[in-house]
Amino acid sequence: MTKPFQQHYGRLISLSMPCPGVSPADLLRHARGQPRSFWESARDGVAFAGMGIAVELIAWGANRFAEIEEQARALFENAVMLDEREPLAAPRLFGGFAFHDDFVPDLAWADFPPAHFVLPHYQLVRVRDSFWLTLNVHAPPGEDPRALAPDLREALLAQVDALQSEPPPLPPRSSARLAYPMPFEQWARSVERIVRQINVGELKKVVLARIAEASFDAPVDVDSALACLAQRYPDTYRFLFEPRPGRAFFGATPELLAQVEGDRVTTMALAGSIRRGATPDEDERLALALLDSAKDRHEHQIVVDEVRNRLTPLISRLDVGATGVMRLSNIQHLHTPISGVLREPRGILPIIATLHPTPALGGEPRAAAMRLIAELEPAPRGWYAAPVGWIDRRLDGQFGVAIRSAVVQATRAWLYAGAGIVAASDPQREWDETNLKFRPMLEGLGVQR
């Protein structure tokens with residue numbers, strides 16, 4: 001595949017330069033009306049933003065992870081980096097995957113195939129207090145890439161000047177109408193059916209999700225939503241994938257699916273939830289109640305055990321940390337950090353393919369849970385609860401689980417929230433948990449219940 005790929009696109013050339021005083025949010029605002037991508041991990045102090053598309057990678061079906069890996073390897077093979085003073089400014093792909101292998105895009109997900117990644121034409125990275133802008137292009141076959149450096153530098157300087165100008169103002173917020181396609185009665189019947197199948201030994205856990213539909217009087221203001229999420233939910237992985245203007249998937253997920261750097265892999269188990277308290281004392285009591293909950297500890301342990309089982313063939317050492325509580329602005333989760341050393345490092349995608357979906361968002365056994373999810377949920381999940389993130393030129397990367405998310409199409413948005421159903425689940429309690437999980441995106445979009 002490598003040779004045809006490079007014959008089609010030419011050799012990848014990247015040039016970077018400092019871009020002081022311009023944030024990823026500035027680039028996104030300047031890029032409105034173009035394809036955009038964004039990823040921010042406050043825990044790492046790093047944020048990326050992309051504008052335009054230099055290359056698109058698309059794949060379908062059960063082999064989509066391997067096909068994206070092959071395409072990415074071909075893209076980055078023999079790539080030329082004309083300035084490597086900041087390694088994080090090197091080119092990287094942004095995108096994600098659908099939850100189900102056989103996903104066929106419907107109305108909400110019309111612009112999101114089962115696997116879709118873009119290499120931005122312009123890419124800005126914030127590394128702590130420094131900012132770098134990267135231009136990604138292709139040299140025609142046979143042309144010396146370094147001969148293009150002067151023209152690329154001139155183009156970068158012009159773009160830096162443009163970004164340092166005042167960005168266009170954000171549009172005003174518009175009012176919204178909210179609807180929930182799945183009534184509580186249908187939800188309760190689904191939960192009760194799952195519990196019956198668990199009690200007869202067919203399943204251990206199934207994650208059931210529901211949708212909220214928001215309709216606005218004007219196009220959805222994704223930029224303001226991201227800014228709100230950054231302010232209210234800073235300890236999350238915030239993302240945006242907008243392959244076409246006005247067609248965007250974005251969110252603020254607390255859950256890392258996996259990060260790979262060389263031979264090191266990092267992941268987590270995140271399952272079991274309770275609300276935040278109104279006072280510090282109440283908050284602490286709720287956290288202790290979560291830690292003591294047999295139902296929530298059982299749900300969480302299913303995830304820990306299955307992540308361990310799936311990673312064991314790929315690693316030489318696995319470290320499973322102590323289970324604690326992750327506190328977010330509106331909710332608390334049971335959290336177990338997991339890390340290991342890979343036997344044969346091949347990048348992030350084989351790990352993603354092995355883990356997705358963990359029992360935290362799918363269920364156990366995986367295949368039976370996936371079939372039941374497809375049957376019980378009234379609309380396809382699309383990219384909800386699936387891997388979203390980035391891949392660098394070494395094929396290392398970082399992916400979150402795309403929860404606390406919404407997909408936008410012009411003046412409409414579809415929000416998703418799920419709950420893990422186990423033998424001790426109660427329909428009303430699980431319904432209330434999904435209401436908590438809707439809150440971040442409703443706040444981001446400025447929607448009042």
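Thresholds applied
Residues numbered from 1 in each chain as written. Predicted model: local features only at pLDDT ≥ 70, side-chain atom pairs only at ≥ 80, totals over all residues. Heavy atoms only, no water. pLDDT = per-residue confidence, 0-100. Contact = heavy atoms within 4.5 Å. Helix = DSSP H or I, 4+ residues; strand = E, 2+ residues; numbered from the N terminus. Buried < 20%, exposed > 50% of the residue type's maximum accessible area, 1.4 Å probe, protein only. Salt bridge = Lys/Arg side-chain N within 4 Å of Asp/Glu carboxyl O. Pairing = 2+ DSSP bridges. Axes fitted to C-alpha atoms, helices over the stretch in contact; angles between N-to-C directions. Parallel < 35°, antiparallel > 145°, perpendicular 65-115°, else oblique. Left-handed = near helix turned anticlockwise from the far one by under 90°. Nonpolar A, V, L, I, M, F, W, Y, C, P; charged D, E, K, R; others polar.

**Quick notes on the confidence of the model for the protein chain**
Argument step 1. Per-residue pLDDT for the protein chain has a mean of 92; in total, 98% of the residues score no lower than 70.
Argument step 2. Confidence drops under a pLDDT of 50 for residues 1-7, and excluding neighbours within four residues, the segment shows 14 contacts in the predicted structure.

**Some remarks on the side chain of Ser190**
Argument step 1. By the element assignment, Ser190 lies in helix α5 (residues 184-199).
Argument step 2. Not counting residues within four places of it along the chain, the set of residues in contact with Ser190 comprises Leu208 and Leu376.

**Looking at the environment of Leu28**
Argument step 1. Along the chain, Leu28 turns up in helix α2 (residues 24-30).
Argument step 2. A relative accessible area of 4% places Leu28 in the buried class.
Argument step 3. Taking the C-alpha atoms as reference points, Leu28 and Leu163, 135 residues apart in sequence, are found 9.9 Å from one another.
Argument step 4. In this structure Leu28 touches Arg36, Ser37, Phe38, Ala49, Gly50, Asp223, Leu226 and Leu240, once residues within four positions along its chain are discounted.

**Examining the pattern of salt bridges**
Two side chains that carry opposite charge are able to pair once their charged atoms sit near each other.
Argument step 1. For the coordinates displayed, the defined rule picks out 29 salt bridges.
Argument step 2. The salt bridge partner of Glu443 is Arg232, with a shortest N-O separation of 3.5 Å. Highlighted residues: Glu443 in helix α11 (residues 427-445) and Arg232 in helix α6 (residues 222-232), separated in sequence by 211 residues.
Argument step 3. A residue is classified by how much of its surface remains accessible, and Glu443, at 24% relative accessible area, is partly exposed.
Argument step 4. Here Arg232 falls in the partly exposed class, since its relative accessible area comes to 39%.
Argument step 5. Between Glu282 and Arg275 there is a salt bridge, and its shortest N-O distance comes to 3.0 Å.
Argument step 6. Under the relative-accessibility criterion, Glu282 is labelled buried at 19%.
Argument step 7. Of the residues examined, Arg275 reaches a relative accessible area of 39% and is grouped as partly exposed.
Argument step 8. If you follow the salt bridges from partner to partner, you end up with Lys205, Lys295, Asp296, Glu299, Arg429 and Glu430 in one network.

**Digging into the pairing of strand β22 (residues 405-409)**
Argument step 1. Counting buried residues in β22 gives five out of five residues, a clear majority hidden from the surface.
Argument step 2. A two-sided burial pattern is seen for β22, the buried positions comprising Ser405, Val407 and Gln409 on one face and Ala406 and Val408 on the other.
Argument step 3. Examined bridge by bridge, β22 and strand β23 (residues 412-421) share five bridges and lie antiparallel to one another. For Ala406, the partnering residue across the bridge sits in β23 and is Leu415.
Argument step 4. If you look at the hairpin formed by β22 and β23, you'll find two residues sitting between the two strands, and Ala410 has a positive phi there, around 60°.

**What about the environment of Arg36?**
Argument step 1. When you line up the elements, Arg36 lands in strand β2 (residues 36-41).
Argument step 2. According to the relative accessible area criterion, Arg36 is buried, its value standing at 5%.
Argument step 3. Each C-alpha atom of the pair Arg36 and Gly321 lies 36 Å from the other, and the pair is 285 residues apart in sequence.
Argument step 4. Sequence-distant contacts of Arg36, defined by excluding residues within four places in its chain, comprise Leu28, Arg29, Ala31, Gly50, Val222, Asp223, Leu240, Phe241 and Glu242.

**Thoughts on the packing of α5 against helix α10 (residues 366-376)**
Argument step 1. At their nearest, the axes of α5 and α10 sit 12 Å apart, and the two run at 160° to each other. Classified by the interaxial angle, the pair formed by α5 and α10 is roughly antiparallel. In this structure, the crossing between α5 and α10 has a hand that is right-handed. Contacts between α5 and α10 involve Gln186, Ser190, Arg193, Ile194 and Gln197 from the former and Leu372, Glu375 and Leu376 from the latter.
Argument step 2. Each residue belonging to the contact of α5 with α10 can be placed in one class, and the counts come to three nonpolar, three polar and two charged.

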